[in-house]
Amino acid sequence: MTNPDTGSEMEQKVARAARMLDCEGKAPGLEELAASVGYSPAHLQRVFKRVTGLSPAAFARAIREERAVAALEQGGRVTDAIYIAGYESPARFYEAMQKRLGMTPSAWRKGGAGVRIGWQIIDTALGPVLLAATSKGLCRLAFGEGERDLQARFPNAELVLNGIPAQLAENVQRQIEQPSTAAEFPLDTGGTPFQQRVWQQLRAIPAGETRSYAEIAAAVGNPRASRAVGGANGANPVAVIVPCHRVIAADGSLGGYAWGEAIKRELLRREARAAQ
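Structure report, in brief.

Here's the deal with the overall build of the protein
The secondary structure content of the protein amounts to 13 helices and six strands. Relative to its 276 residues, the protein shows a buried fraction of 46%. The contacts in the protein between residues at least 6 apart in sequence include a share of 60% that link residues at least 24 apart.

As for the sheet that holds strand 2 (residues 129–133)
Taken together, the four strands give an open sheet; going across it, the order is 3-2-1-4, and neighbouring strands pair in mixed fashion. Here the strands that pair on one side only, and so sit at the sheet edges, are strand 3 (138–143) and strand 4 (158–161). Neighbour-to-neighbour, the strand axes of this sheet turn through a mean angle of 20 degrees, independent of strand direction. As paired strands, strand 1 (residues 116–122) and strand 2 are joined by five bridges and run antiparallel to one another. Looking at the pairing, Gln-120 lines up with Leu-131 of strand 2.

Some thoughts on the pattern of salt bridges
Per the counting criterion, the structure on display carries seven salt bridges. The closest approach of N and O atoms between Arg-270 and Glu-177, which form a salt bridge, is 3.7 Å. Taken as a pair, Arg-270 in helix 13 (residues 261–275) and Glu-177 in helix 9 (residues 166–177) lie far apart in primary sequence, 93 residues in all. For the salt bridge of Arg-246 with Glu-271, the shortest nitrogen-to-oxygen distance reads 2.9 Å. In this pair, Arg-246 sits in the loop between helix 12 (226–235) and strand 6 (247–248) while Glu-271 sits in helix 13, placing the two residues 25 residues apart along the sequence. A residue is classified by how much of its surface remains accessible, and Arg-246, at 6% relative accessible area, is buried. Among the residues examined, Glu-271 registers a relative accessible area of 1% and is labelled buried.

Some thoughts on helix 12
All buried positions along helix 12 are accounted for by Val-229, Ala-232 and Asn-233. Projected down its long axis, helix 12 shows its buried positions confined to an angular sector of 105 degrees, all on one face.

Here's the deal with the packing of helix 2 (residues 30–37) against helix 3 (residues 41–52)
Contact geometry of helix 2 with helix 3 gives a least axis separation of 8 Å together with a crossing angle of 90 degrees. The angle between the axes of helix 2 and helix 3 places the two elements in the roughly perpendicular class. Along the contact surface, helix 2 presents Leu-30, Glu-31, Leu-33, Ala-34 and Val-37, while helix 3 presents Pro-41, Leu-44 and Gln-45. When grouped by side-chain class, the residues that make up the contact of helix 2 with helix 3 number six nonpolar, one polar and one charged.

Section: the packing of aromatic side chains
Enumeration over the complete set of coordinates arrives at three aromatic pairs. Centre to centre, the rings of Phe-143 and Trp-259 are 6.5 Å apart; their planes meet at 65 degrees, and the pair counts as edge-to-face. Of this pair, Phe-143 sits in strand 3 while Trp-259 sits in the loop between strand 6 and helix 13, placing them 116 residues apart in sequence. With a relative accessible area of 7%, Phe-143 lands in the buried category. Judged by its relative accessible area of 12%, Trp-259 falls in the buried class.

A few points about the pairing of strand 3
With six of six residues buried, strand 3 is to be regarded as a mostly interior element. Looking at chain direction, strand 2 and strand 3 are connected through five bridges and run antiparallel. Note that in strand 3 the partner of Leu-130 across the bridge is Ala-142.

Here we look at the side chain of Ser-55
Assignment of secondary structure puts Ser-55 in the loop between helix 3 and helix 4 (56–73). Each residue touching Ser-55, except ones within four places of it in the same chain, is listed here: Gln-45, Phe-48 and Lys-49.

A short note on helix 9
Helix length check: helix 9 (12 residues) gives 16 Å between terminal C-alpha atoms against 16 Å at 1.5 Å per residue, within 8%. Among all positions in helix 9, only Leu-168, Ala-169, Val-172, Gln-175 and Ile-176 are buried. Taken around the axis of helix 9, the buried residues stretch over an arc of 125 degrees, which confines them to a single face. Tucked into the core, helix 9 has its buried residues touching strand 1, strand 2, strand 3 and helix 13.

Quick word on the nonpolar core
Counting 38 residues, the largest nonpolar core has Leu-138, Leu-141, Phe-143, Val-172, Ile-176, Val-198 and Leu-202 as the members making the most contacts within it. Secondary structure elements with two or more residues in this core: strand 2, strand 3, helix 9, helix 10 (193–204), helix 11 (213–219), helix 12 and helix 13. Those residues within four positions of Ile-176 in sequence are excluded, and the remaining contacts are Ile-122, Thr-124, Leu-126, Val-129, Leu-141, Phe-143, Val-240, Leu-267 and Arg-270. Within the second largest apolar cluster, 18 residues are counted, among which are Leu-21, Ala-34, Leu-44 and Phe-48.

Considering the environment of Ile-205
Assignment of secondary structure puts Ile-205 in the loop between helix 10 and strand 5 (211–212). Every residue in contact with Ile-205, bar those within four places of it in the chain, is listed here: Thr-210, Arg-211, Ile-216, Arg-246 and Val-247.

What counts, and where the lines are drawn
- Residues numbered from 1 in each chain as written.
- Predicted model: local features only at pLDDT ≥ 70, side-chain atom pairs only at ≥ 80, totals over all residues.
- Heavy atoms only, no water.
- Helix = DSSP H or I, 4+ residues; strand = E, 2+ residues; numbered from the N terminus.
- Buried < 20%, exposed > 50% of the residue type's maximum accessible area, 1.4 Å probe, protein only.
- Contact = heavy atoms within 4.5 Å.
- Pairing = 2+ DSSP bridges.
- Axes fitted to C-alpha atoms, helices over the stretch in contact; angles between N-to-C directions.
- Salt bridge = Lys/Arg side-chain N within 4 Å of Asp/Glu carboxyl O.
- Arc of directions from axis to C-beta.
- Parallel < 35°, antiparallel > 145°, perpendicular 65-115°, else oblique.
- Nonpolar A, V, L, I, M, F, W, Y, C, P; charged D, E, K, R; others polar.
- Phe/Tyr/Trp six-rings, centres within 6.5 Å; stacked < 30°, edge-to-face > 60°.
- Expected span 1.5 Å × (residues − 1).
- Core = buried A, V, L, I, M, F, W, Y, C linked by side-chain atoms within 4.5 Å.

Pasting the structure below:
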């Protein structure tokens, strides 16, 4: 009987499968991936999602979407982005982009042109918070920011003051005041496949617990990517909802936080107290 793989061996096999999915053209199917690493399709599906936070199929889609976004951000035509990203048809491309970005590909390329973003400032015990959302979900939640910051992020979008549904604003405020509360919010955050995997892992950290950058890097299938994990944390556009404050340095110190060490410390203190 074959001995089961150690955690390290499993992560290496998942990383090998991930590299196969990060390819030009059509990605290999689950059976081909599984055979290449010596797993059954069902077992690979299970461990791949455990390590990366995404199924192999979702990972492959995220890779294609990242290529499409990169092509659009470089000012390319939408038709070019379709083929650069490896989509089989324009219909598939538009469907994927609208689900992921909450806006059409051309609007993404033009800095949010034609997209309506509701926003408002809400008061919390941790200070004022900028809250912004498209029709798809939250696109920005940041301590101490205002309209000018939102305009810089989405220069061509239609910004609507007080355009956030009252219930959404109340739920977000409750989540900030009581960060140990488990709640799901629709998000429209974009992000690269790596950032998405990191953010998925962050949302899986239970309130009252923390993880190191190295632990998150291992969880997303790239143990050497601690620095990149730090970059993904810093790029998180929705504070608290994606709890990047739960990631600390290996020596137990707080590490960085985009919205200030004092807020990070207070969020962690509240969560630890609630978990007791």
